[in-house]
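# What the coordinates show
Chain by chain, the residues run as shown.
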Amino acid sequence: MATLVRYLRAQGAHMRGTKIGCSEGGCGACTVVLTYFDRTANRVVHRSANSCLMPLCAIDGMHVTTVEGLGSLKRGLHPIQDRLAKGNGTQCGFCTPGIIMSLYAFLLEHPHPTERQLEACLDGNLCRCTGYRPIIDVAHSFAHKCAEKKCGGGTATDIESCQETTIHPVLDLPEAQLVAAASASTLHVHGANCEWHTPTTLAELLALKKALPRAAVVVGNTGAGVESHFKGNYPAAIICPTRVSELTALTVDDTGVTIGAAVTITDLEERLREVVAKEGEPRTRVFYTLLAMLERFACVQVRNMACLGANIATASPVSDVCPLLITAGATVNIASVTGQRRVPMSEFITGYRKTVLTPEEVVVSMHVPYTRANEYIETFKQSRRVHDDICIVTAAFRVLLEETKEHPKDTKAPEQQQWESVRLASNTSGHSDAVFAGKLPHIVPVGERTFRVADCSISFSGMAPRPAIAAKTEASLKGKLWDSDMLSDVMAAVTAEFPLADNVPGGMPEYRLALCRSLFFRFFVDTYRTAHGTEAGVAADYAAQLRRGLFSSAQDFAHKAPADSNIVGVPMQHLSADKHCTGEAAFTGDMDAAGVLHCVFIQSAHAHARILSIDASRALAVPGVVRVLTWKDVPGSNKIGVPVLDEEVFASEEALCVGYPLGVLVATSHELARRAVRLVDVKYEVLPAILTIEEAIAQHSEIVKPVTLQCGDVEAALKTSPHVLEGEVCMGGQEHFYLEPNAVLAVPSEGEGEFELWASTQNPAKTQQTVSRVLGLPENKVIVNCKRVGGGFGGKETRNVFISCACAVAAYAMDRPVKMVLDRDTDMSITGTRHQFLSRYRVGFDDAGNILAYDVQLYNNAGYSADLSAVVMERALFHTDAAYKIPNMRATGHVMRTNRPSNTAYRGFGAPQSMLATEQVICRVATAVGKTPNEVRELNFYKEGQPTHYGMLTTNCYLDRVWSELMDKSEFKRRRTEIAEYNATHRYRKRGIAAVPVKFGLAFTQNAFNQAGALVHVYIDGSVLVSHGGCEIGQGLHTKMAQIAAQALGIPLNLVHIGDTATDKVPNTSPTAASTQSDINGMAVLNACMELKQRLEQFRATLGEAGDKITWQQLVGKAYWARVDLCAHGFYMAAGVNWSFETMTGNPFAYFVYGAAASEVEVDTLTGEHTILRSDIVMDVGRSINPAIDVGQVEGAFTQGFGWCTLEELVVLRTGQQQTVGPSFYKIPGVGDTPQDFRVFLLRDADNPMAVHGSKGIGEPPFFLGTSVYLALQDAVTRARAEEGITGYFQLALPASVEHIRLACRDCFTDAVPHGGVEKPSWAIDEAAPIPDELRNVTQ
């Protein structure tokens, strides 16, 4: 089944502004706008949609607008494109077209939007680079009545004032044409593998279902499309019912609302808002809560296409809406050619993915009845991320209350209208009292009114193989008084009714049970408040869910006005921003060559196995499959690896992890190759596997010998320290999730044995070296090009190399161009992540909090090969001191080999893990001495000129400055007092605040990499072409290089062009990594330009007085005719970087970057959900070459940092298979996860004499500042635990997921669960599990 995005990007249409980021509708990169006549609404509508899921046949009768249709460099930019470019809303640019199309669609539908609506319309678009701040600011600029606010934040060329702007369709289509298209006749398309039917009447639909009982009924393909992509379940026939009036109608009568099965979620929302506004309370309570649920249902693009009928028909055990429909008493109208029937929703789903539907039946509609007087209904969804996420648990509760004169036994005086915590004294339900521990919240009765439960219904998703009815719990509830005594019965009944096993699929049994109890409590409180009135003595935070405030931001830095040539230090937009916004920026996956073939990996199904045989006969029988290649087809060496040859292009004997490449399948299209590779049959002998750090330690599975850095006498200092503590810190990994998946195009060139590759890489030289080795060719016959990269973050420094090798082997074997673009799930399953770390420490300190000795053992999970793991560990050791001078310190690093994909470089390169371990030590010492963490930090800060534990001096140390500015600008002390006051009056809503500093060393610790070359050409017309060794991966490197070149030559920026990075222009380049590229390439470019400048000025002098009057272009022209060389090569070698691991002496870094951040969070302790209220960052960037770009780097790195600490949880099954292999399962921060108030300050007057123009590298250092969010969460959870009398030091698990936060906020709802959240789940490996919590005294 062809999808719209594949059609758009095919060589015929060749509209490649629409990107493929995930193929599952989870990233928004493929967003387009569909315009069509909606017969139900009786108007033309404009809807954003994920083209990666949209079947091509489904858009029959629709007009499709892509980013190319809005504007272009030649025609001019559309206002949305223009504002986003000028507002610095792009970095790598891969996600940009999708973001623009989402805004465009929304503005067409909502000509007078609010700022909140504009934020919400982007909930389906991910960006890994920017941190979203400039994107949200630009979106706000289109808000109604937003004049007088400049949304550029001063970080770039000001975008136009935020006056009201009306967006019109770029193509004015006659409505009659769209009406006619919507009324088109039946569509029948018979494809090679699938036939498509779009009937226009119910009778026709039913006849088709009888004739094709196995046909899939598809509306938006938002569920079926994902299933096909991951499981290969491709239906032979598809029926699309979107033209059948009975399925697209929504009708309202006296009993309720009947919703057509094919009504889209967006249309349903619009109509239900009308119903709620017209009918009001209490009749529409069910629709009010349904609307609240739909806000959290997937994302805008999915809601625009998905429908309720398909959602219930899939019978998903984690359905968002099924529990509410069951609880509300909805009925399902079903039809076939033999007749119609109505089935209660409570009986519709019969098992896991099973319903009462026969193969010939379809769902026509659902009827949802109105709510009665004194009937209360609510639904709650809990997921890892608020927007665009699958539920962990969805709960729906309905209760019909009748007023009674019976009063509770423990009635208190009305004036005692407050909540208390009381011990459960009795058990009236007959369930064992032993499962309970802790204190259950108790409500003080109000006045004379009491209510009894006349009827109720309770349903959950995520608690059973299907949406489940809590029948026993309902029975225990009926007839009870609606008061706190009833709560104990419900809590016990829920626990007994859903006894989740430790190995339950999906894991989190303790959390899921705790949610059921907590969410019922929230429903109880909400209902109590409504029934008795909002002044019922019940604290509002008991009932209310977190609501995010409106986003705001501020950026502050030294401004420099632009000039013709004096432009270093000017905040300028990214040079490719306009191309990003028009979709004209080409990425590797957008490139093609004549006769190109496509290949995909054949991957191992086991973590460790001997390969017995590979049978590709069935795959080769598929038309269009060309060849299957294995290690036997490698023309040169099959051995690859960095820094040692411990990997293979294709496994020859053993597979070392799940996903390990066994070979490639080559076919005429990517889609065909992906389908056919499932037919390759591999036989294995499964071998024992090591998966965790602990298992590797137990089996002494180390890749290299341990390395130790130390100063002072640690053992002696520990013995004499007044206090000594021991502990450990576990940290999970992090997926890079660059928006552009790995891609390579390999082209055999003319001449024997010459190859040219285009790769999405941070390391062209290493790619060249390895490919030449694999092909058996000298390096001078392999050229590697890199135009731009759609995000890398370290993930494309080495782990792209084996992909390039595999593609090159295929191109060599076929003697034709071959292209390899990894699907998102393949990319995430094999390219590695940030290293998981384990830290075990001893720390000695005095009564004041001075740290006297620190001994730490660091372990990282390297995966199956060395890769960069040892170097990552070395940087971790260099940064174990964090920002603190510790006189006696020893740090030892262990690199552990496991049967996991080889982990690799990631922004920060091991430093964040070791620094965070040290920050936890600071927090623990502070608790021990009775001080705040900040007081202990300030006591131990580095001062100017002090040596580190490896002997480097902290010269030009701005640590105290950034810290003091942060404390002042963030108003930290005042806010901490206010937070304490807030927490004292809120039981289930807690706030926390924390600040962290960073001291980050800049340079490659491998000395040879601290060099760079550049090539500068001046052409006769005066234009300049600059080539350098760095890759543009979104960090604005090319923009900064152009600024440096223009200023050095004294010419306008528009005369400078930066060429693609290529190994035939600048050889032997260092990786684009370690935040060093502006430093080393900038100096190389500057040196080349200064050589040219000197050469030309010397020539100008020969012209006499005439030389002073000529323009740059005239000077260059005359120089050419005088045979002056207009080309120069620049080279730079970083001075002062001379560390030796053999002697353990020298300086590993050129200088340090300093920064600090403070973050405030609010936590819903009943669910574990949180929101970031405010983040302030003060960053030392030296004298910024481009403040606009540097602010973007700070914001993006910070966002990625708090993502690592909070949302981004890697789940690996005990088979070694990675569960989190796409945006459906792995959640990076979205628009709604950014700090509500986001402020960035660049330190002024902070010159750096060690780098070009006094600047500093900035890509990595701010990443660690995101941990301020994590530590603020830890602070908030500590306050919540204090409510239960749990005091002392507490260490929150990392990542601080909703599960870990909720189970750490221990109360009766968590401790009633058998293990109380202490034990690790057994269904998956959880290397970031909480440490055992033995502080709680359950008998207090």
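You'll find the structure just up there.
All of these numbers come straight from a predicted model, not from anything done at the bench.

Turning next to unusual backbone geometry. In this structure, Pro282 follows Glu281 across a cis peptide bond, with omega equal to -10°. Going from Leu1294 to Pro1295, the amide bond is cis rather than trans, its omega being 10°. Mapped onto the secondary structure, Pro1295 falls in the loop between α38 (1267-1282) and α39 (1298-1304). The phi angle at Asn374 is positive, at roughly 65°, despite the residue not being glycine. Within the fold, Asn374 resides in the loop between β14 (362-369) and β15 (375-383).

Here we come to the pairing of β14. Most of β14 sits inside the fold, with 7 of its 8 residues counted as buried. The pairing of strand β9 (residues 256-260) with β14 spans 5 bridges and is antiparallel. Note that in β14 the partner of Val257 across the bridge is Val368. The pairing of strand β10 (residues 331-336) with β14 spans 5 bridges and is antiparallel. Among the inter-strand pairings, Val332 is bridged to a residue of β14, identified as Met366.

So, on to the environment of Phe451. Mapped onto the elements of the fold, Phe451 is located in strand β19 (residues 450-461). Taking relative accessible area as the criterion, Phe451 reaches 3% and is therefore assigned buried. Excluding its chain neighbours within four sequence positions, the residues that come into contact with Phe451 are Leu401, Glu402, Glu403, Thr404, Lys480, Leu481, Trp482, Ala531 and His532.

In this section: the environment of Met820. Inspection of the secondary structure assignment puts Met820 in strand β35 (residues 818-821). For Met820, a relative accessible area of 0% gives the class buried. Note: C-alpha distance between Met820 and Gly1288 (468 residues apart in sequence) is 54 Å. Once residues lying within four places of it in the same chain are set aside, the contact partners of Met820 are Cys599, Val600, Phe601, Val664, Asn742, Ala743, Val744, Ile803, Ala806 and Cys807.

Below, the discussion takes up the nonpolar core. Ranked by internal contacts, the top residues of the largest apolar core, which has 213 residues, are Val1024, Val1056, Trp1112, Ile1177 and Met1179. When neighbours within four sequence positions are excluded, Val1024 is seen to be in contact with Val1016, His1017, Val1018, Leu1049, Ile1051, Leu1055, Val1056, His1057 and Trp1112. If you look at the next biggest cluster of nonpolar residues, it comprises 58 residues, including Val244, Ile265, Met293 and Phe348.

Rules used throughout
Residues numbered from 1 in each chain as written. Predicted model: local features only at pLDDT ≥ 70, side-chain atom pairs only at ≥ 80, totals over all residues. Heavy atoms only, no water. Helix = DSSP H or I, 4+ residues; strand = E, 2+ residues; numbered from the N terminus. Buried < 20%, exposed > 50% of the residue type's maximum accessible area, 1.4 Å probe, protein only. Pairing = 2+ DSSP bridges. Contact = heavy atoms within 4.5 Å. Core = buried A, V, L, I, M, F, W, Y, C linked by side-chain atoms within 4.5 Å.

Honestly, it's all geometry; don't read function into it.
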